[in-house]
Amino acid sequence: MTTKIDGAMLSRMVIHGAACINAEKQGVNELNVFPVPDGDTGTNMSLTIAAASTELKKKKPATAGEAAAVTASALLRGARGNSGVILSLLFRGFSKAVKEKETIDGRDFAIALDFGVAAAYKAVMKPAEGTILTVSRLSARRAAEAARENDELEFILEEALKEGHLALAETVNQNPVLKKAGVVDAGGKGFLIILQGMLDELRGESMPEDEATQVQEKADFATLTDEEITFTFDTVFIVRKTGKAIEPFRAYLNSIGDSLVIGEDDEAFKVHVHTDIPGAALTEAQKYGTLELAKIENMRTQYEDMAAGRAPQSTDDLDMEESAVTAEPAAPAHAAPEKKYGFVSVCAGAGLEAVFTDLGVDALVGGGQTMNPSTEDILKAVNATPAEIVYVLPNNKNIIMAAEQCVRLCEDKQVVVLPTKTVPQGIAAMLAVDPEAQEGENTAAMTEAIARVHTSQITYAARNSDFDGFQITEGDYLALAESQLFGTDKDLVTLLEKLAQAEHQQNAEFINIFYGEDVTEEDAQIAVKIFQNACPGAEVSLLPGGQPVYYYMISAE
């Protein structure tokens, strides 16, 4: 058995763990009992530790302390969702325990696990039992006991995993929601998958293959003849998702070209297609997200170059020329303070972005439900905001913890994270800002404004579920009130009518309805009439939000 590991082995263990959670992320996602479309625990944990995997492959740290530090730093910046943040905290504590060590043995590893648990518990304001915290704590406790019995690392990890699985099985009895659904905690499951991957690497077992489709980067001209080139342009591009299903786009691309391959993850999709009209493909792509990168090459002229014995010209040549001119990559934007207050808001949808911009938000971070941005995404926006004090509005309960990590990461600005759980809360907070007030006064006023807003949302069921007394079928419409399930129906109008009769709408003076990207203005006007008829004492306003996932976001004050 292995007694000590260095930086190279610890790096491989983390990379193996990342591959395992990536391979099993959908199974972890399906443990989420609330049936709304969600960023999901497995996806968030996979994307979080993938950031560490990428850095470790790039930096190849020599010592165990260096490998742990690289892992912790990358996880912190790449953390997504509450589960991703807690995972980063576990590795942050682990890193502190081994930071000066060239190699670590089983006892060191057990101590480091315990440091990780302490860091996670310290950072979570209200630790709940039956979560990843419970599973990691009991795993670490057993690791410490095992280290006194046998200091071989493989033995200690085996024992930690055995105890972890017992703790995971018990989570179903520690959380009433899990008990009702009959499932274990998703975060705890994800943690054990990563830990198992680390043990598998120690044992020399094969790493899971990357499930992502590998998109061809460029055409293989050596295998082609001029007659076989049906379409002229080899076109590759990357699009950042906005949540809209891309199947119609796939059908469109098949209609204008061939050799189509689309690879995707939870944030973006990458397209390779041969077509005569690459501009049309790129234009159509922008209906499904934000175009980030594109490469277009003429296969006929490249084939002619090869046939004549010349090296075919490629957009890669432009990359080489550009790198020769620009020796150093541009540093990320880091704006010096020019004013007292600045604001960063997370949201998705052109209409909502316009609202926040009009209210004075300096930087927008794309994301929300199904698209939890990382700490690094939020930090970049904070750094680019030219203010002494930067308020961050996460606008989603699963983004708050990731945003809070920016407080200690930002070196030259004071960061204040307001715990906005919905977009309407974020809008209400911005309406309460007084540029002349002191920071404490502004924070208090914005916090009070958040408390006055009641948010309702209508989305769809992502899976079949028996939840909180509701028999839910995939595709049903769901109404949420303050993120709690209010009702479900197969008819959207019926559900809107029920929601309009709810107490918070009935007592409101102002009701704002933001309609999503999949709702026409004509249908949205029907929703307005429903609320006007049901709430005659309220002023009802309609605004195009353009948000994905949610057909309607409704604020009542």
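What counts and what doesn't
Residues numbered from 1 in each chain as written. Predicted model: local features only at pLDDT ≥ 70, side-chain atom pairs only at ≥ 80, totals over all residues. Heavy atoms only, no water. Axes fitted to C-alpha atoms, helices over the stretch in contact; angles between N-to-C directions. Helix = DSSP H or I, 4+ residues; strand = E, 2+ residues; numbered from the N terminus. Parallel < 35°, antiparallel > 145°, perpendicular 65-115°, else oblique. Left-handed = near helix turned anticlockwise from the far one by under 90°. Contact = heavy atoms within 4.5 Å. 1 Å grid on protein atoms, 1.4 Å probe; cavity = no way out; pocket = protein on both sides within 12 Å on 5 of 7 lines; lining within 4 Å. Points joined across faces, edges and corners; volume = space filled by probe spheres on them. Pairing = 2+ DSSP bridges. Expected span 1.5 Å × (residues − 1). Buried < 20%, exposed > 50% of the residue type's maximum accessible area, 1.4 Å probe, protein only. Arc of directions from axis to C-beta.

A few words now on the packing of helix α7 (residues 153-174) against helix α9 (residues 186-202). Interaxial distance between α7 and α9 falls to 10 Å at its minimum, and their mutual angle equals 160°. In terms of their interaxial angle, α7 and α9 are classed as roughly antiparallel. Every pair of crossing elements has a handedness; the one defined by α7 and α9 is left-handed. Across from Leu153, Glu154, Leu157, Glu158, Ala160, Leu161, Gly164, His165 and Leu168 in α7, the residues of α9 making contact are Gly188, Lys189, Leu192, Leu195, Gln196, Leu199 and Leu202.

Evaluation of the coordinates by the stated rule reveals two cavities of 30 Å³ or more. Its volume calculated, the largest cavity comes out at about 120 Å³. When residues of the lining of the largest cavity are traced back to their parent elements, those giving at least two are α4 (81-98), α5 (106-123), α6 (132-149) and α9.

The next thing to look at is the sheet that holds strand β11 (residues 454-460). Read across the sheet, six strands follow the order β15-β14-β11-β18-β16-β17 without closing on themselves; strand pairing throughout is mixed. Two strands bound the open sheet, and with one partner strand each, they are β15 (484-489) and β17 (539-544). Taking the axes of each pair of neighbouring strands and ignoring which way they run, one obtains an average angle of 20° across the sheet. Two elements, β11 and strand β18 (residues 552-556), share five bridges in a ladder whose sense is antiparallel. The residue of β18 that forms the bridge with Thr455 is Ser555. Contacting β11, β16 (510-515) and β18, helix α18 (residues 423-431) runs over the sheet at an angle of about 45° to β18.

On to helix α22 (residues 521-534). The terminal C-alpha atoms of α22 lie 20 Å apart, and with 14 residues this matches the ideal 20 Å at 1.5 Å per residue to within 8%. Looking at α22, one finds that the buried residues are Ala524, Ala527, Val528, Ile530, Phe531 and Ala534. On an axial view of α22, the arc spanned by its buried residues comes to 160°, and they lie on one face. Along α22, the residues that are exposed and aim more than 90 degrees away from the buried face are Glu522, Lys529 and Asn533.

In sheet architecture, strand pairing relies on hydrogen bonds along the backbone and comes in two forms, parallel and antiparallel. The parallel open sheet is built from four strands, whose spatial order is β8-β7-β9-β10. Whereas interior strands pair on both sides, the edge strands pair on one side only; in this sheet they are β8 (363-366) and β10 (414-417). The mean inter-strand angle of the sheet, taken between neighbouring strand axes irrespective of direction, is 20°. In terms of strand pairing, strand β9 (residues 387-393) meets β10 through four bridges, oriented parallel. Its bridge partner being in β10, Ile389 is matched across the sheet by Gln414. Taken strand by strand, helix α14 (residues 350-358) contacts β7 (339-347), β8 and β9, and its axis lies near 170° from that of β7.

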